[in-house]
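Descriptive structure summary
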Amino acid sequence: MVIQMSRKGKVYYRDVLAGIIFESENGYIFQYNESYLENKNYPAISFTLPKQKKEFQSKTLFPFFDGLIPEGWLLNLTHNFWKINRKDRFGILLTACEDCIGAVGVVGEIE
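Residues numbered from 1 in each chain as written. Predicted model: local features only at pLDDT ≥ 70, side-chain atom pairs only at ≥ 80, totals over all residues. Heavy atoms only, no water.

**Quick word on the overall build of the protein**
Let me state the cut-off plainly: Helix and strand assignments come from DSSP, with helices taken as H or I runs of at least 4 residues and strands as E runs of at least 2, each series counted from the N terminus. A radius of gyration in this sense is built from C-alpha atoms; the matching globule rule multiplies 2.2 Å by the number of residues raised to 0.38. Exposure categories follow from relative accessible area, calculated using a 1.4 Å probe and restricted to protein chains: below 20% of the type maximum is buried, above 50% is exposed, and the middle band is partly exposed. The Shrake-Rupley method, run with a 1.4 Å probe sphere, supplies the accessible areas, and residue values consider only the shown protein chains as cover. Charge counting treats Lys and Arg as positive and Asp and Glu as negative, with His and both chain ends excluded. Here the site of a charge means NZ on Lys, CZ on Arg, CG on Asp, or CD on Glu.
Within the protein, the secondary structure is distributed over 4 helices and 5 strands. Starting at the N terminus and ending at the C terminus, the protein contains elements arranged as β-β-β-α-β-α-α-α-β. Here the C-alpha atoms of the protein give a radius of gyration of 14 Å, agreeing with the 13 Å that 2.2 N^0.38 yields for 111 residues. In terms of overall dimensions, the protein has a C-alpha envelope of 40 × 35 × 25 Å along the principal axes. Each of the 111 residues in the protein was classed as buried or not, and the buried ones make up 36%. Accessible surface computed for the protein: about 7,300 Å², of which carbon and sulfur atoms make up 53%. The centroid of the 13 positive side-chain charges in the protein is displaced by 3 Å from the centroid of its 13 negative side-chain charges.

Put into structure tokens, the structure is as follows:
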């Protein structure tokens, strides 16, 4: 089966590439980077996304990633500045979550 991916982002843990998150026609996919998996010093990015070779799939945005999205006045700023629809949670994640509070950040890629 061929999965069409429309948008994706690189997921970093403390400036180290941990994996890639994709939006597909069937939902969302997160997959750890092979070198990140092999390094035993790097933790899972979330308890709900333990380190494994198999990709994670979800019809909705993974709660961990949704939790990185800003709220309140910062979400309003994101909407007003980048003109991203507030319901486009993945678009906000790819645009505004490069430098989040905590160790994980997401850098959107433009195809």
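Alright, that's what it looks like, and here's the rest.
**Here's the deal with the layout of surface pockets**
Operational definition: Using a grid of 1 Å spacing that covers the protein atoms alone, one calls a set of points a cavity when a 1.4 Å probe fits there but cannot get out, and a pocket when the set is open and has protein on both sides within 12 Å along at least five of seven lines; lining residues are those with an atom within 4 Å of a point. Grid points are joined across faces, edges and corners, and a volume is the space filled by probe spheres set on the points. Note that Gly is not counted as nonpolar here; it falls among the polar residues with everything else outside the nonpolar set of Ala, Val, Leu, Ile, Met, Phe, Trp, Tyr, Cys and Pro and the charged set of Asp, Glu, Lys and Arg.
Empty space within the largest pocket amounts to approximately 250 Å³. Lining the largest pocket are 13 residues, with L68, P70, L74, A96 and D99 sitting closest to its centre. Per element, the largest residue contribution to the lining of the largest pocket is 5 residues, and it comes from helix α3 (residues 72–82). Tallied by class, the residues present in the lining of the largest pocket amount to 10 nonpolar, 2 polar and 1 charged.

**Focus on a nonpolar patch on the surface**
Just so we agree on the cut-off: Two distance rules govern patches: like charges are joined within 9 Å, and nonpolar side chains (Val, Leu, Ile, Met, Phe, Trp, Tyr) within 5 Å, applied only to residues with over 30% relative accessible area and no salt bridge. By convention in these notes, a salt bridge is any Lys or Arg side-chain nitrogen within 4 Å of a carboxyl oxygen on Asp or Glu.
There is a patch of nonpolar side chains on the surface, built from W73, L74, L77, F81 and W82 and spanning about 620 Å² of accessible area. Turning to its location among the elements, F81 is positioned in helix α3.

**Describing the pairing of strand β2 (residues 16–24)**
In summary, the side chains of a regular strand alternate between the two faces of the sheet. Put simply, the test is: Strand pairing is assigned whenever DSSP detects at least two bridges linking the two strands.
In this structure, β2 lies alongside strand β3 (residues 27–32), joined through 6 bridges in antiparallel fashion. Bridge pairing in β3 places G19 opposite Y32. In this structure, the hairpin formed by β2 and β3 is closed by a connection of 2 residues.

**Examining the pairing of β3**
Judged by how many residues are buried, β3 sits mostly within the fold: 5 of 6 residues are covered. As paired elements, β3 and strand β4 (residues 56–58) share 3 bridges and run antiparallel to each other. Residue pairing in the sheet places I29 in a bridge with Q57 of β4.

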